[in-house]
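Structural description and commentary
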Amino acid sequence: MKKTLIVIDMQNDFIDMALGTPEAVAIVPFVKAKIEEYVKNGDQVIFTRDTHNDDYLDTPEGKKLPVPHCIKGTKGWEIYDGLYVEGAKVIDKPNFGWPHWRDENLEDVEIVGLCTDICVVSNALIIKATFPDINVKVDKSCCAGVTVDSHNAALKTMQMCQIDVV
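Here goes a summary of the coordinates provided. (Residues numbered from 1 in each chain as written. Predicted model: local features only at pLDDT ≥ 70, side-chain atom pairs only at ≥ 80, totals over all residues. Heavy atoms only, no water.)

1. Observations concerning the overall build of the protein chain
Of the regular secondary structure elements, the protein chain holds 5 helices and 6 strands. Reading the protein chain from its N end, one meets helices and strands in the order β-α-α-β-α-β-β-α-β-α-β. Computed over the C-alpha atoms, the radius of gyration of the protein chain is 15 Å, within 12% of the 15 Å expected from 2.2 N^0.38 for a compact globule of 166 residues. With the C-alpha coordinates aligned to their principal axes, the bounding extent of the protein chain is approximately 40 × 35 × 30 Å. Across the 166 residues that make up the protein chain, the buried fraction comes to 48%. Put simply, of all contacts in the protein chain between residues at least 6 apart along the chain, 75% involve residues at least 24 apart. With an accessible surface of roughly 8200 Å², the protein chain has 55% of that area assigned to carbon and sulfur atoms. One finds the centroid of the 17 positive side-chain charges in the protein chain at a distance of 4 Å from the centroid of its 26 negative side-chain charges. (Helix = DSSP H or I, 4+ residues; strand = E, 2+ residues; numbered from the N terminus. Rg over C-alpha atoms; globule rule 2.2 N^0.38 Å. Buried < 20%, exposed > 50% of the residue type's maximum accessible area, 1.4 Å probe, protein only. Contact = heavy atoms within 4.5 Å. Areas by Shrake-Rupley, 256 points an atom, 1.4 Å probe, with all protein chains shown as cover. Lys, Arg positive; Asp, Glu negative; His and termini not counted. Charge placed at Lys NZ, Arg CZ, Asp CG, Glu CD.)

2. Regarding the environment of Asp16
Mapped onto the secondary structure, Asp16 falls in the loop between helix H1 (12-15) and helix H2 (22-40). Placed 36 residues apart in sequence, Asp16 and His52 show a C-alpha to C-alpha distance of 18 Å.

3. Considering the sheet that holds strand E5 (residues 135-144)
In space, the 6 strands of this open sheet follow the order E3-E2-E1-E4-E5-E6, with parallel pairing throughout. Where the open sheet ends on each side, the last strands, each with one partner, are strand E3 (89-93) and strand E6 (164-165). As paired strands, E5 and E6 are joined by 2 bridges and run parallel to one another. Along E6, the bridge assignment pairs Val138 with Val165. Contacts from H2 reach strand E1 (3-8), strand E2 (44-50), strand E4 (108-114) and E5, with the element oriented near 140° to E5. The strands that helix H5 (residues 148-160) touches are E5 and E6; relative to E5, the one it contacts most, it runs at about 170°. (Pairing = 2+ DSSP bridges. Axes fitted to C-alpha atoms, helices over the stretch in contact; angles between N-to-C directions.)

4. Considerations on H5
For H5, which comprises 13 residues, the first-to-last C-alpha distance of 19 Å matches the rise-based estimate of 18 Å (1.5 Å per residue) to within 8%. Every buried residue belonging to H5 is among His151, Ala154, Leu155 and Met158, and all of these are buried. In an axial view of H5, the angular spread of the buried residues amounts to 100°, which keeps them on one side of the axis. Exposed and facing more than 90 degrees away from the buried side of H5 are Asp149, Lys156 and Met160. Buried residues in H5 make contact with helix H4 (116-130), E5 and E6. Immediately downstream of H5, the backbone of Gln162 shows phi near 65°, a positive value. (Expected span 1.5 Å × (residues − 1). Arc of directions from axis to C-beta.)

5. Comments concerning the side chain of Glu61
Its place among the elements puts Glu61 in helix H3 (residues 60-64). The side chain of Glu61 is buried and forms no salt bridge, while Lys93, the nearest opposite charge, is found at 7.7 Å. With residues up to four places along the chain from it excluded, the contact list for Glu61 reads His52, Tyr56, His69, Pro94 and Phe96. (Salt bridge = Lys/Arg side-chain N within 4 Å of Asp/Glu carboxyl O.)

Structure representation (structure tokens):
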């Protein structure tokens, strides 16, 4: 069975720049170890990057979250130093969730990254809805939310939708 690790939005702006949090900084070593484990086992690793353009503040999202972040080509948009691994696929997604997971032919998925309560939960639910019969799990030690409370609420939501939270 093909195992896939999906690393959601582990980008500078979400870790220690525009929207960074101490909780996001704290998970970096755990995410790095998880990536290394998948690479060592010969499994697939996919990174997503939240990707916006210079007109971000004029978009529906920008009007609700008026903090420019993950603007394509900036330092904040880049995957955090030391996490990217050669041969990993990178998906630039313009929204919270990537609607094209079906194209990836997923079989057994583990999800880690940022933010638990926005992009992690969105992608986990899209994947579970697209592939209802596959194993989808989220490692809570490798995720952080906007707040601790919203992180925990997102984990509970995923559990209710038959996503394994470990």
